[in-house]
Amino acid sequence: MEMTVRRGLGAIAFGMLALGLAAPATAFAQEGSKAISMPDAGGVGAALYQTKCAVCHDHPAETRAPSRENLAAMTPDKIHMALTTGIMKVQGQGLADDQRAQLIGYLTTKSAVKVDWAKAMMCPADRRTVSLKGDAPIVGFGFDRDNTRSLTARQSGLTKAQLSNMEVAWTIAVPGSTAMRAQPAVVGKTVFMPVSDERAVYAFDVSQPSKPCIQWAFKAPGSSPLRTSPAYGVLADGRAVLAIAGQDTVVHLIDAKTGVGIWSKKVGSYAYSMTTGVPTVLKDRVVVPVSQFEITVAGANAQQCCTNHGYVLSLNPKDGSQMWRYDTMEDAKPIKDRGDGKMLYGPSGAPIWNSPAVDEKRRLIYFGTGESNSEPVSKNTDAIIAIGLDDGLEKWSLQATGRDIYVIGCGPNPKPTQLNCAKNTVFRDVDFGASMILAHLRPGVDAVFGGQKSGTVWALEPSTGKLLWRNGLGTGGALGGVHWGLAYADNTVFAPISYTGKSLPGEAVDPARIKSGLYALDASTGAVKWMFASEADCAGDRIKRMPSCARLNGLSAAPAVIDGAVVTGALDGWLYVLDAKDGKPLWKFDTAVSFKGINGVEGAGGSIDAVSISAANGLLFVNSGYGMFGGKAGNMLIAFKPKRG
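Residues numbered from 1 in each chain as written. Predicted model: local features only at pLDDT ≥ 70, side-chain atom pairs only at ≥ 80, totals over all residues. Heavy atoms only, no water.

**Some words on the environment of Phe449**
Okay, so step 1: On the secondary structure map, Phe449 appears in strand β25 (residues 445–451).
Okay, so step 2: We classify Phe449 as buried; its relative accessible area is 0%.
Okay, so step 3: On a C-alpha basis, the gap between Phe449 and Trp469 in space is 9.7 Å, while along the polypeptide they are 20 residues apart.
Okay, so step 4: With residues up to four places along the chain from it excluded, the contact list for Phe449 reads Ser435, Met436, Ile437, Ala439, Leu441, Trp458, Ala459, Trp469, Leu486, Tyr488, Val493 and Ala523. (Helix = DSSP H or I, 4+ residues; strand = E, 2+ residues; numbered from the N terminus. Buried < 20%, exposed > 50% of the residue type's maximum accessible area, 1.4 Å probe, protein only. Contact = heavy atoms within 4.5 Å.)

Here is the structure:
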C-alpha cells in the first residue's frame, strides 16, 4: 500500500479529498434553480479538467484524490456543491458559472440518474409504526458508549458458527454514491440507516429480515450531506432521539419514533470546521466532537496559515444550546512574519476525527486528536485527552508524537518559497483517527485504548492517563497504521493495520514480522496473540474489478467482534470473518462485484473502509465502496444472512 503525496500546488488543489473528506453529495440548488451542468460540446470542460484536475485525479495512487472513474460516478450536484459551497470551494472560486457547468458536464456524462428509490420501499400500513421495544445494541460508532465495537449473539442475532457460512440476503444500491461511510443505530427491530449522499436517515423495519421496509425518512434541512453515523439515546423526559451531524457542521436531533426533526444547530466556529466523529446522546446532553480541515488548503501561499483547531461541545438536548465547550488549544494569534509582510498564526491543528468514549462512572470523556498545522506545537496535538463530562475541563493529556506539523503540499524539508510550511517537523500526519475504547479488563481494572495512524496501539490508565503499554505495529503514516477504529472483547484488542509504513531513523520495520492485516493484542500487556495478513488477490477478473488490488489490500475499516468472531473488511473489497481466539479464517466474501438492489437500483461494491460493519436481528450489514485514498468507489449496502444447510 505504498503511497506518496504529490508535492506542490497541484496536490493542494484537489488534496482536500486526501483525508477522506468526501465531496458534498446532495442537491445544491433551491427550488426552480437552473441546471448545474451542460454538455461539453466545445471541449471546454475537458480542457479545464486537463489543466486544473488531471494532475491529481489521473494519479489517485500518488495524490490520494478520487480517480477520474470515481468522479464519473458522482452526481452533478455533488461536484457542484464541492466546487461552490463545499470542501473544494477555494479551488472552484476561479471558475465562471459556464466553465463550472461545462466541467461538471464533462465529468458526469455517465453519472447515475437520480431515482426516488425509498418511496417504493415504504412499509405497508401494518408495519409503518416504529417500535422502540427491545435492546439498543448499537447506539453510536463503537456500538456501546465504551466504543468496544463488540456484540453478543443475543444482541446481533448471529453466532460464530452462523458467521462461518453466510450468504447475501439482500442489497441496496445508493444511486450516485461513491463513498459508503456510515453505519446504522439499532433499537429492537428498527435499523436507523443513514445515507450520507442523500442527507437522509431511514428507519428500516427488519422484523421480517428478508423483506426490509422503510417506516420513515428524515431529510436534513439545507443542502449539505450528512457526514457522521447516527447516535441513539433516551433523554431524561423519556423521549428517544437520534443525533447526526452534517458536512456543514450542523447537528440534527431527530425524534426516533416519528423521524421528525426536533432541532438543527450549527456548531462550526472556524472557516474549515467540520463534524466527523459520531455524537453521543446522554439523558441530559449531546456531546459533539468537532474537527477541522485547514490542513488541506494552508500549504498555498495565498492562504492564511493557520487559525483553526478542534473542540468538543456539550449541547442542551432541549434546544441545542451550548452547555460547555472544550478547546484543544488556545486561539491562534500572529506569531511571526512569514517573509512577505503577512503573518503566520498559531497554534493550530488538533482536529478531532474520532467519536469520544464516555465514562459515566468517572464522569470523563476520552478522545484523540490530530496533527499540528503551524508553530508553536500544542501539547494536545497527536494526543489522547480526557475531559470532564460535567464541566468540559481537561483532566489529562498524553501526546504521542511531538512536532508533527503537517500541511498538504508542504513536506519535511519545504522550499523557501513555500511560506506557510514549517521546518523542523517530523511531518507524519499520524492522527488518532480511531476512537478511544474504555475496556473493562477484570473487576476493578479498566484501561483506555487508542489506535494511531503511526501504527501504534496505546493503553492508558483511565483516571490519570498514565501509560500502561504501547505496541508499534509498523510506522504507519498519513493513510494508517490504525486508521478508522479498534475493537475489544475478552481481554483482547483487535487492531487493523492498513499500511505498515517505511522505516524511520532508529525505528526499523521488519517486513517478516509486520504486515498489513489484523492484530490481536493482549489487553493487559500489549503482546501480539495472533495476526492475520491480508494478502493481495488479483486472480481472474479481479484485476479489472479492483485495479488497485496489488497495492491496496490492507485493513482500514473499523472491525466488529460478534460472538467470538471478528468481522473485518479490506481495501480491495474482501470481507473476512476470523476466529477471535486464534485468527483462523472462517469465511470470506468478495464484495467488489455488481449487484441489483432490492430498491431497483443497480450498483457495485468496491473498497471496504471507514465505518462499514454492523449487525442486528440475524443480519450482518456491510458497506462496500469507498472512492477515497485511491480506493475503489462503490455504492452498496449488503445484508448477509446465515446460509441454510
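What follows continues from the structure just given.
**A word on the confidence of the model for the protein**
Okay, so step 1: Overall, the predicted model of the protein reaches an average pLDDT of 89, with 89% of residues at or above 70.
Okay, so step 2: For the stretch residues 1–35, pLDDT sits under 50, and the model shows 127 contacts to residues farther than four places along the chain or on other chains. (pLDDT = per-residue confidence, 0-100.)

**Some points on the sheet that holds strand β27 (residues 467–472)**
Okay, so step 1: Sheet architecture is open: 4 strands sit in the order β24-β25-β26-β27, paired in antiparallel fashion. The open sheet has two edge strands, β24 (437–442) and β27, and neither has a second partner. The sheet shows a mean angle of 25 degrees between the axes of neighbouring strands, direction not considered.
Okay, so step 2: Pairing of β24 with β25 involves 5 bridges; the strand directions are antiparallel. Bridge pairing in β25 links Arg442 to Val445. (Pairing = 2+ DSSP bridges. Axes fitted to C-alpha atoms, helices over the stretch in contact; angles between N-to-C directions.)

**What about the packing of aromatic side chains?**
Okay, so step 1: The tally for this structure, following the rule as stated, stands at 19 aromatic pairs.
Okay, so step 2: With a centroid separation of 5.7 Å and an interplanar angle of 35 degrees, the aromatic rings of Phe192 and Trp216 are classed as tilted. You can see Phe192 sitting in strand β4 (residues 190–195) and its partner Trp216 sitting in strand β6 (residues 213–219), a full 24 residues away along the chain. As far as the burial class goes, Phe192 and Trp216 line up, both buried.
Okay, so step 3: Summarising the aromatic geometry, the rings of Phe449 and Trp469 are spaced 5.8 Å apart at their centres and angled 40 degrees between planes, so their arrangement reads as tilted. Of this pair, Phe449 sits in strand β25 while Trp469 sits in strand β27, placing them 20 residues apart in sequence.
Okay, so step 4: According to the relative accessible area criterion, Trp469 is buried, its value standing at 7%.
Okay, so step 5: Members of the aromatic cluster, connected to one another through ring pairs, are Trp117, Tyr202 and Phe204. (Phe/Tyr/Trp six-rings, centres within 6.5 Å; stacked < 30°, edge-to-face > 60°.)

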